[in-house]
Amino acid sequence: MRGALAVVAAVFAVAALPGQAYAAGAPGSYTYDPGAEPVGGADISAEATKLEPGGVYKSAIRSGKKLYYRLDLDAKTNAYVSAVVVPKAGGKVAYGDGIKLSVRDSSDDECSSQDAMFGSAQYPRPLAAYASRRIDEDGICQDVGTYYVLIERESKETSDQGEWGLELRYASEPELAKPSSGATTAPTAWPSASPPPPGAATDNTRRGGAGYYDATSLETGEWKDRIEPGQSLFYRVPVDWGQQLFATAELANSTSEKSAYVSSALAVSLENPALGHVADVSPMSYAGKPISVPFDPLPPVAFRNRYDSSDDVRGMRFAGWYYLSVSLSPEVAKPYGQKPIALTLKISVKGEAGKSPYKGDAGIFAVTQGDKDAAREGQSGAQAAEAGSERGTMKLVAAGGIGVGTMLVLWLGAWTLIARRRAAVAPVAPAGGQYPYGGPPQAW
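Now for a description of the structure that goes with this document. These numbers come from a predicted model, not from an experiment.

About the cut-offs
- Residues numbered from 1 in each chain as written.
- Predicted model: local features only at pLDDT ≥ 70, side-chain atom pairs only at ≥ 80, totals over all residues.
- Heavy atoms only, no water.
- Helix = DSSP H or I, 4+ residues; strand = E, 2+ residues; numbered from the N terminus.
- Buried < 20%, exposed > 50% of the residue type's maximum accessible area, 1.4 Å probe, protein only.
- Contact = heavy atoms within 4.5 Å.
- Areas by Shrake-Rupley, 256 points an atom, 1.4 Å probe, with all protein chains shown as cover.
- Core = buried A, V, L, I, M, F, W, Y, C linked by side-chain atoms within 4.5 Å.
- Disulfide = S-S within 2.5 Å.
- Salt bridge = Lys/Arg side-chain N within 4 Å of Asp/Glu carboxyl O.
- Pairing = 2+ DSSP bridges.
- Phe/Tyr/Trp six-rings, centres within 6.5 Å; stacked < 30°, edge-to-face > 60°.

1. Section: the overall build of the protein
- Helix and strand counts for the protein come out as five helices and 21 strands.
- Residue burial in the protein is summarised as follows: out of 444 residues, 45% are buried.
- For the protein, contacts bridging at least 24 residues in sequence account for 76% of all contacts bridging at least 6.
- Carbon together with sulfur atoms contributes 55% to the accessible area of the protein, which is approximately 21,900 Å² in total.

Printed below as a string of C-alpha cells:
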C-alpha cells in the first residue's frame, strides 16, 4: 500500500511540473539561486572566507569597496569563479560603472581577470564576469596554495552608491582524458556565414527567466516572448563540443501612437557555462519600429579556444549551457508606456557534437540527454533540476515497489508451503473421536 501511494504521489508530482508558461519576475527583479550560501567579503585578505568547489554564494558590495574571498588550490586543477553583479532597480549607473573580478595568488600576482561594466546602455541590470587560475597559462599561478578572489567596484559620484547584490559561483574544470588536449593555439578562422532563419515551432512561446538560475532552455528555433521596460530576461542553450551558436534578438514595433528615439534601448549578452562573459551586441536604439540585433559569428566550441586573447573566442572553451540575457531600458516606458513589447529570439546550433576532452563526468562542461530534453521542452534550469529529481524518485519508488512485491510473493509462497506441510503431517483422530495422549494435537 505504501509503495502504491508513493507511485501515485510521484506520478502526480511529475504531472504537476510547470511547463512553458514559466513567468519571469517583475521589471528590475533578479532570481538568485535559492541554494546560494550567504557569505561576506573581507576587506583584508587574511580574513577572507573560503569558497568551496561547486559552491554558489550570495554576497553584496558597496561603492568603492574591495572584497576578498579565499580559494585553496592544488597544483593541477583549473578553477573558475564567476560573479553576477545585481544593481538595485531604479538606481542610477553611468558609463564605466561596474566591477572587476580577479583571481590572485598569495603574493598578489594576478592570475586572470574580467570586467563587468556598464557601457552606453546606462541602466541597471545584472552583469556577469569570471576569472580563473589555469594550469600552464603563461607560467604564473601554478603552485599549490592559497589564492584569493578579489572583487572591486567602481561607481561615479553621480551614480547610486548603495549595495549591489553579488551571486558567486566556483567551478573546477574536470581532468583531461589525455595530458595534451591537442592544439595549443587558438583558431584563426571559422564558418562566418549566417545560417538560414530557423523554423518556428507550433507552440513557440518561451517565457524567459529572471536570473541565470531559472533561465529558460531553448534549442534551435524561433522563440517568442514579451519584455517590459526595465526588465531583464534570461535564456540558455546547450552547445556541445564542435558546435557553433548563432543568436539574434528582435524587438517588435510599439503599438503606442507616440514616437520617440531611445538610445541603447536593447542590450543582449552571452555568457558561457562558467558564467564568463563571452560577447554582447552593440546596444540598439529604439524608435517604436522593429529592430534586430545579431551576434557576430562565434567560433565552434573547442578546448583550444582558451588560447586566444579575446573574450568572444576564448569564452567558447567549454561545452554546456550558454546563457543569453536580454534587457530593455526603463527609458522606453516614457514614450511607449510600461506595456510589454514582443521579443523574438532566433537560435541556431550548427555542427555535429564532438567528443569531450575530459575524463569521466564533465559536470557543467557537458551536454547531456537531459539537457537536450530540457531544451526541447522549454524547461527552466529550476524545472529541469526538479524533473530530474522526480525521475530519480520514480526510479527509487519503482525499485522499492518491485522489491516489496517480490518479498510479498515469497512470503505468501512460504506461508502456503508451511500450511500444506502441516496439513500433510497432522494426526488423524481415531475412531470414536478419541485422540492419543488425552487431547487434540495442539495439546501434545
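2. Some words on the nonpolar core
- Ranked by internal contacts, the top residues of the largest apolar core, which has 49 residues, are Val268, Tyr322 and Ile347.
- Among the elements of the structure, β13 (221–227), β14 (232–239), β15 (244–251), β16 (262–271), β17 (277–280), β19 (291–294), β20 (320–328) and β21 (341–350) are those that each provide at least two residues to this core.
- Val85, Ala116, Ala129 and Trp164 belong to the second-largest nonpolar core, a separate cluster that totals 30 residues.

3. Overview of the state of the cysteines
- The tally for this structure, following the rule as stated, stands at one disulfide.
- Between the sulfur atoms of Cys111 and its disulfide partner Cys141 the distance amounts to 2.1 Å. Across the disulfide from Cys111 to Cys141, rotation about the S-S bond amounts to roughly -95°, and the bridge is consequently left-handed. With Cys111 in strand β7 (residues 110–117) and Cys141 in the loop between β8 (127–133) and β9 (145–154), this residue pair connects regions lying 30 residues apart in the sequence. Residues Cys111 and Cys141 agree in their burial class; the two are buried.

4. Some points on the pattern of salt bridges
- As enumerated under the stated definition, the model contains 20 salt bridges in all.
- For Asp72, the salt bridge is made with Arg70, and the minimal N-O distance between the two is 2.9 Å.
- With relative accessibility at 29%, the residue Arg70 sits in the partly exposed group.

5. A word on the sheet that holds β7
- Strand order in the open sheet made by the five strands is β2-β4-β9-β6-β7, with mixed pairing throughout. The open sheet terminates on both sides in strands that have one partner only, identified here as β2 (49–50) and β7.
- Two strands pair when backbone bridges link them, and strand β6 (residues 98–105) and β7 are joined in this way by seven bridges, in the antiparallel orientation. By the bridge assignment, Lys100 is partnered in β7 with Asp115.

6. A word on the sheet that holds strand β1 (residues 37–38)
- A sheet is described by the order of its strands in space; here five strands give the open sequence β1-β3-β10-β5-β8, paired in mixed fashion. Looking at the sheet topology across the chains shown, the edges are occupied by β1 and β8.
- The pairing of β1 with strand β3 (residues 56–61) spans two bridges and is parallel. Within β3, the position partnered with Pro38 by the bridge is Lys58.

7. Looking at the packing of aromatic side chains
- Using the criterion set out here, one finds 12 aromatic pairs in the structure.
- Seen from their ring centres, Tyr68 and Tyr148 are 6.2 Å apart, and the 90° between their planes marks the pair as edge-to-face. Of this pair, Tyr68 sits in strand β4 (residues 66–73) while Tyr148 sits in strand β9, and the two are 80 residues apart along the sequence.
- For Tyr148, a relative accessible area of 14% corresponds to the buried category.

8. Quick word on the environment of Gly360
- Here Gly360 is to be found in the loop between β21 and α4 (369–377).
- Using a relative accessible area of 63% as the deciding quantity, one classes Gly360 as exposed.
- Taking C-alpha positions, Gly360 is 8.3 Å from Glu175, a pair spaced 185 residues apart along the chain.

9. Considerations on the pairing of β6
- Counting buried positions over the eight residues of β6 gives seven, a clear majority of the element.
- What sits between β6 and β7 in their antiparallel hairpin is a turn of four residues, with Asp108 showing a positive phi close to 70°.

Spatial relationships are all this shows, so hold off on functional conclusions.
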